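An overview of the molecular structure
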Amino acid sequence: MSKLLVVGGGTMGKICAQAAATVLGAQSVTVLERTVAHAEQLQKELDVTCITSLINPPSERNVINYATIVLAVKPQDATTALTQIQSLTKTALIISIMAGVTLPRLAELTGSSRIVRCMPNTPATIGCGMTVWTTTKNVTVDDQKFVTQWLAQFGADLWVESDDWIDKATAVSGSGPAYVFAFATDLIKSAQALGFTTEQATRLVQQTLAGAIQLWQKTGTAPETLRDKVTSKGGTTAAALKILKTTRMSSLWEQAVAAAYARAKDLQNHV
Ligand SMILES: NC(=O)c1ccc[n+]([C@@H]2O[C@H](COP(=O)([O-])OP(=O)(O)OC[C@H]3O[C@@H](n4cnc5c(N)ncnc54)[C@H](OP(=O)(O)O)[C@@H]3O)[C@@H](O)[C@H]2O)c1
């Protein structure tokens, strides 16, 4: 049976393990964590096996040969985590979700020639994520088939040609949920400033965002057109949009996304 190891059982590692359990069956999936306390906690939450050592129980010598290894630790923990599993990585299909760690660097760290680099986002927790991914050229058709099935559990996916496109997508869809939540937080505060309670303001903003996104998705109409449909000349929306224009909001967004892209590139110097 094809076995899969997830290294790091944090926010994203848990999603990776659950998705793998859906595709391969829970008995084929193991999560490797750093501390016993964390592994025990995870074991209560997940159906898969959670361990802190590859030799499990510690008295036994034989280590399972995992066909696929998912790297879900923070980039700065990658070197330490990989030292623990160095005997396994060379022949495995390596899937990394770590921000800023490129395919050449992953090849160097793992010795594997079959590597997939993915950038999911947190809505993957509820199967509504957006994942971009790329591969080394040695990844087989069967590897790609598995990755496609696995990523389908996260939500939608987009294959891109190179590491650079992953870094660019990191700045858009990887960090994107945080941009939406930052906007939601500010809009809730603005509603509170008008006198709404937190509960009322949250409800107004949440349903407005959900409804607007669904309208966009279901009609397939460009967002600019949908915006213009709400904006009558001299009306309330026009008054609000005028303020956003004078504060050069769209240029601020361009700067913010460029800063995230630059940071994704910069992370490469620290792994
Ligand atoms: N969060 C996002 O939105 C997002 C989106 C896309 C990609 N990513 C990428 O996903 C990766 C994980 O992010 P995350 O948000 O899930 O981080 P996280 O919640 O901090 O999870 C990382 C996990 O790795 C564990 N760990 C650290 N060193 C380890 C080792 N040597 N062996 C085994 N486990 C070890 C940590 O354990 P302890 O807690 O005990 O230290 C922690 O449980 C990052 O590389 C990030 O770039 C994140």
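Residue numbering note: each chain is counted from 1, following its sequence as written. Whole-chain, interface and lining totals are the exception, using all residues; otherwise, since this is a predicted model, local features are given only for residues with pLDDT of at least 70 and side-chain atom pairs are given and counted only at 80 or more. Remark: hydrogens and water are excluded; side-chain values derive from all non-hydrogen atoms of the structure.

The next point concerns the packing of aromatic side chains. Only Phe, Tyr and Trp rings are paired, with Trp represented by its six-membered ring, and only when their centres lie within 6.5 Å; those with planes under 30 degrees apart are stacked, over 60 edge-to-face, the remainder tilted. Scanning the model with the defined rule gives three aromatic pairs in all. Considering the side-chain rings of Phe146 and Trp150, the 6.5 Å spacing of their centres and the 20° angle between planes classify their relative orientation as stacked. With Phe146 and Trp150 both in helix α6 (residues 141-152) and four residues apart, the pair spans about one turn of that helix. Each member of the pair, Phe146 as well as Trp150, carries the same accessibility label: buried. Members of the aromatic cluster, connected to one another through ring pairs, are Phe146, Trp150 and Phe154. When the NZ atom of lysine or the CZ atom of arginine is within 6 Å of a ring's centre and also within 35 degrees of its normal, the charge is said to sit over that ring. When the ring centre of Trp165 is taken as reference, the NZ or CZ atom of Lys168 above it lies at 4.2 Å. Put simply, DSSP H or I for four residues or longer makes a helix, DSSP E for two residues or longer makes a strand, and each gets a number counted from the N terminus. Whether a residue is buried, partly exposed or exposed follows from its accessible area with a 1.4 Å probe, protein chains only, as a fraction of its type maximum: under 20%, in between, or over 50%, in that order.

What follows deals with unusual backbone geometry. Notably, Arg248 is not glycine yet its phi reads approximately 55°, a positive angle. Here Arg248 lies in the loop between α11 (236-246) and α12 (249-267).

It is worth spelling out helix α1 (residues 11-24) at this point. By this rule, a helix spans an expected 1.5 Å times one less than how many residues it contains. Between the first and last C-alpha of α1 there are 20 Å, a value that for 14 residues agrees with the 20 Å anticipated at 1.5 Å per step. Residues of α1 that are buried include every one of Met12, Gly13, Ile15, Cys16, Ala17, Ala19, Ala20 and Ala21, and no others. Any pair of residues with heavy atoms lying within 4.5 Å of one another is described as a contacting pair. Among the structural elements, β1 (4-7), β2 (29-32), β4 (68-71) and α6 are those in contact with the buried residues of α1. Phi turns positive, to about 100°, at Gly25, one or two residues after α1.

What follows deals with the side chain of Thr135. Tracing the backbone shows Thr135 in strand β7 (residues 129-135). Excluding residues that lie within four positions of it along the chain, Thr135 makes contacts with Leu103, Ile115, Val116 and Trp159.

Note that the domain bounds reflect an automated or database-derived domain assignment. With domains assigned, the protein is organised as domain 1 (4-170) and domain 2 (176-267). Here the C-alpha centre of domain 2 lies 34 Å away from the C-alpha centre of domain 1. Counting from both sides, the interface comprises eight residues of domain 1 and, opposite them, five residues of domain 2. Here the quantity called buried area is the total loss of accessible area, with a 1.4 Å probe, experienced by two parts when brought into contact, counted for both. Carbon and sulfur atoms make up 60% of the area that domain 1 and domain 2 hide from each other, which totals about 640 Å².

Moving on, we come to the nonpolar core. We define a nonpolar core as any set of buried Ala, Val, Leu, Ile, Met, Phe, Trp, Tyr and Cys residues linked to one another through side-chain atoms lying within 4.5 Å. Ranked by internal contacts, the top residues of the largest apolar core, which has 31 residues, are Ile95 and Trp150. In terms of residues, this core owes the most to one element, α1, which gives seven residues. Counting residues in hydrophobic clusters, the runner-up holds 23 residues, among them Tyr66, Ala78, Leu109 and Ile115.

What follows is about the pairing of β4. Burial along β4 is two-sided: Thr68 and Val70 and Ile69 and Leu71, pointing in opposite directions, are all buried. With four bridges connecting them, β1 and β4 associate as parallel partners. Note on β4: the bridge partner recorded for Leu5 is Ile69. Strands were regarded as paired on the criterion that DSSP finds at least two bridges between them.

With that settled, consider the state of the cysteines. In this description, a disulfide is simply a cysteine sulfur pair whose atoms lie within 2.5 Å. Applying the stated criterion across every chain, the model contains zero disulfides. No disulfide involves Cys118; its sulfur sits 7.7 Å from the nearest other cysteine sulfur, which is in Cys16. With no disulfide of its own, Cys128 lies closest to Cys16 among cysteine sulfurs, the gap being 16 Å. Look at Cys128 and you get exposed, because its relative accessible area is 52%.

As a packed pair, α1 and α6 sit with axes 8 Å apart at the nearest point and diverge in direction by 115°. Crossing of α1 against α6: the hand is right-handed. Residues Cys16, Ala19, Ala20, Val23 and Leu24 of α1 touch α6, and the partners they reach there are Phe146, Gln149 and Trp150. A breakdown of the residues in the contact of α1 with α6 according to their chemical character gives seven nonpolar, one polar and no charged. Here an axis means a line fitted to C-alpha atoms, over the contact stretch when the element is a helix, while the angle between two N-to-C directions is reported on a 0 to 180 degree scale. Each crossing gets its hand from how the near helix is turned against the far one by less than a right angle, where anticlockwise is left-handed and clockwise is right-handed. Residue polarity follows a fixed list, in which Ala, Val, Leu, Ile, Met, Phe, Trp, Tyr, Cys and Pro are nonpolar, Asp, Glu, Lys and Arg are charged, and the others, Gly among them, are polar.

Of note, Leu151 is situated in helix α6. What makes Leu151 buried here is its relative accessible area of 0%. A sequence separation of 51 residues divides Leu151 from Gly100, and the C-alpha atoms of the two residues are 19 Å apart. Excluding residues that lie within four positions of it along the chain, Leu151 makes contacts with Cys118, Thr131, Trp133 and Asp157.

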